[in-house]
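Analysis of the macromolecular model
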Amino acid sequence: MPIPRSAARPAAAHLAAAHLAAAHLAAVLLALAPLPALANAAPLALTGPLAAAVGQTAATPGIDADEAAAIMAAIMAGSASNPATAINAEEQALLQALSKARAPFPVTLDGRPATIGPLQPEAARFMDLIFRGNPNAGAQLQAGNPELQLHLARLYGLPDQGSVNQARMLMATDLMQAWRNSTVGNSYEPLRQKLGSANRLYEAAAPATRKSGRRLLFSAMDLVDRQANDSVPDFLYQWLKN
């Protein structure tokens, strides 16, 4: 059924806020001076929570998407209202190094030498989603793109309300289409299939992504239900709370 106008307006406002937050972060990065060639640069000195998050990546080749999400969570922590204000010089240097690196590069983690990076392709696409957005996200979700579904779960798990709203709105828009195609006559199969498929994907993911993925699905379905005037039967999605 169509989204009521009264519900669509706040939803659009949330989405606009999410895009504004991502654009603000992108502007911060684009304003930075070019980074010297990494091969000739001194090791980046990382400290505190950022060093701890980056340190989790040092034991394996490259940085995967879940590890990239943990790094972004460390950067965004404590800055729910405006994440750009939390990006200090140390974090800026790391983000630029990750965006440019095509091979491992040296860092120090609270004074300990280590080698990290580069971003694996899926991790690079996750970072692109944060900083540049994805204009094709809606169509990709409709097509059941599993990588994007996982990225939305990671986005929803970040300590940044703009990212949370963006993930929720994209997922809710996709689920609303499935709800529109669902009836008592077809046993709500389109929605049940969409939720079941996404949940199976999240169940096979890393623990943090699994947890945030189920929370995302429930939150998005709660929004769909409210936009549909509470017409979605509870049994179709309340199990996601468990």
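Structure first, text after, so check above.
Below is a summary of the structure that appears in this document. Bear in mind the structure is a predicted one, so any value in this text is a computation, not a measurement.

Let's shift gears to unusual backbone geometry. The residue after Gly117, namely Pro118, is reached through a cis peptide bond having omega -5°. Looking at where Pro118 falls in the secondary structure, it is placed in the loop between strand 3 (112-116) and helix 5 (121-132). With a phi close to 50°, Asp110 is a non-glycine residue in the positive phi region. By the secondary structure assignment, Asp110 is in the loop between strand 2 (105-109) and strand 3. By relative accessible area, Asp110 is classed as partly exposed at 47%. Of note in this structure, Asp230 is not a glycine but carries a positive phi near 60°.

The alternating pattern of strand 2 places Phe105, Val107 and Leu109 on a buried face and Pro106 and Thr108 on a face that is not buried. Note: strand 1 (residues 44-46) against strand 2, 3 bridges, orientation parallel. Across the sheet, residue Ala45 finds its bridge partner in strand 2, namely Thr108. Of the pairings in the sheet, the one linking strand 2 to strand 3 comprises 5 bridges and is antiparallel in character. Its bridge partner lying in strand 3, Leu109 is registered against Arg112.

Met72, Leu152, Leu175, Trp179, Leu191 and Val232 are the most contacted members of the largest nonpolar core, which totals 70 residues. Tallying contributions element by element places helix 8 (residues 161-180) first for this core, with 10 residues. Residues within four places of Leu152 in sequence aside, it is in contact with Leu129, Leu141, Ala167, Leu170, Met171 and Leu216.

Right, let's talk about the pattern of salt bridges for a bit. Evaluation of the coordinates by the stated rule reveals 8 salt bridges. Put simply, Arg154 and Asp66 hold a salt bridge, and the shortest N to O gap is 2.9 Å. Taken as a pair, Arg154 in helix 7 (residues 146-156) and Asp66 in helix 3 (residues 65-76) lie far apart in primary sequence, 88 residues in all. On the basis of relative accessibility, which here comes to 7%, the residue Arg154 falls in the buried class. For Asp66, a relative accessible area of 24% gives the class partly exposed. The shortest N-O distance in the salt bridge between Asp222 and Arg168 comes to 3.8 Å. Separated by 54 residues along the polypeptide, Asp222 in helix 10 (residues 207-227) and Arg168 in helix 8 bring together distant segments of the chain. Residue class for Asp222 comes out partly exposed when judged on its relative accessible area of 27%. Residue class for Arg168 comes out buried when judged on its relative accessible area of 17%.

Attention shifts here to the packing of helix 9 (residues 189-203) against helix 10. Here helix 9 crosses helix 10 at 160°, and the two axes come no closer than 8 Å. Our classification of the angle between helix 9 and helix 10 gives roughly antiparallel. Every pair of crossing elements has a handedness; the one defined by helix 9 and helix 10 is right-handed. In contact with Leu191, Leu195, Ala198, Asn199, Tyr202 and Glu203 of helix 9, helix 10 contributes Arg210, Gly213, Arg214, Leu216, Leu217 and Met221.

With respect to topology, 3 strands assemble into an open sheet ordered 1-2-3, the strand pairing being mixed. Bordering the open sheet on either side are strand 1 and strand 3, each of which pairs with just one other strand. On average, each strand axis in the sheet is inclined to that of its neighbour by 35°, with strand direction left out of account.

A separate point is the packing of aromatic side chains. Enumeration according to the criterion identifies 3 aromatic pairs in this entry. A centroid spacing of 5.9 Å and a plane angle of 15° characterise the contact between Trp179 and Tyr188, whose relative ring orientation is stacked. With a centroid separation of 6.3 Å and an interplanar angle of 70°, the aromatic rings of Tyr188 and Phe235 are classed as edge-to-face. Here Tyr188, found in the loop between helix 8 and helix 9, pairs with Phe235, found in the segment after helix 10; they are 47 residues apart in sequence, far enough to count as distant. Overall, Tyr188 belongs to the buried group, its relative accessible area being 14%. Ring-pair connections join several aromatic residues into one group, and the members of that group are Trp179, Tyr188 and Phe235.

What counts, and at which threshold
Along each chain, residues carry numbers from 1 onward, in the same order as the chain's sequence is written. For this predicted model, a pLDDT threshold of at least 70 governs which residues receive local features, and a threshold of 80 or more governs which side-chain atom pairs are given and counted, while totals over whole chains, interfaces and linings are taken from all residues. Each side-chain value is derived from all of the structure's non-hydrogen atoms; neither hydrogens nor water enter the calculation. Segments assigned H or I by DSSP are reported as helices when at least four residues long, segments assigned E as strands when at least two residues long, and all are numbered from the N terminus. With a 1.4 Å probe rolled over the protein chains alone, any residue whose accessible area is under 20% of its type maximum counts as buried; one over 50% counts as exposed, and the rest are partly exposed. We call two strands paired when DSSP finds no fewer than two bridges between them. Grouping buried Ala, Val, Leu, Ile, Met, Phe, Trp, Tyr and Cys residues that are joined through side-chain atoms within 4.5 Å yields what is termed a nonpolar core. Contact definition: two residues touch when any of their heavy atoms are within 4.5 Å. What counts as a salt bridge is simple: a side-chain nitrogen of Lys or Arg found within 4 Å of a carboxyl oxygen of Asp or Glu. In this analysis an axis means a line fitted to C-alpha atoms, helices contributing only their contacting stretch, and an angle means the value between N-to-C directions, from 0 to 180 degrees. Should an angle fall under 35 degrees it is taken as roughly parallel, and over 145 as roughly antiparallel, whereas 65 to 115 is taken as roughly perpendicular and any remaining angle as oblique. The crossing is said to be left-handed when, going from far helix to near helix, the turn is anticlockwise and less than a right angle, and right-handed when the turn is clockwise. The criterion for an aromatic pair is that two Phe, Tyr or Trp rings (for Trp, the six-membered ring) have centres within 6.5 Å, with stacked assigned to planes under 30 degrees apart, edge-to-face to planes over 60 apart and tilted to the rest.

So, to be careful, I would describe these as geometric facts and stop short of saying anything about function.
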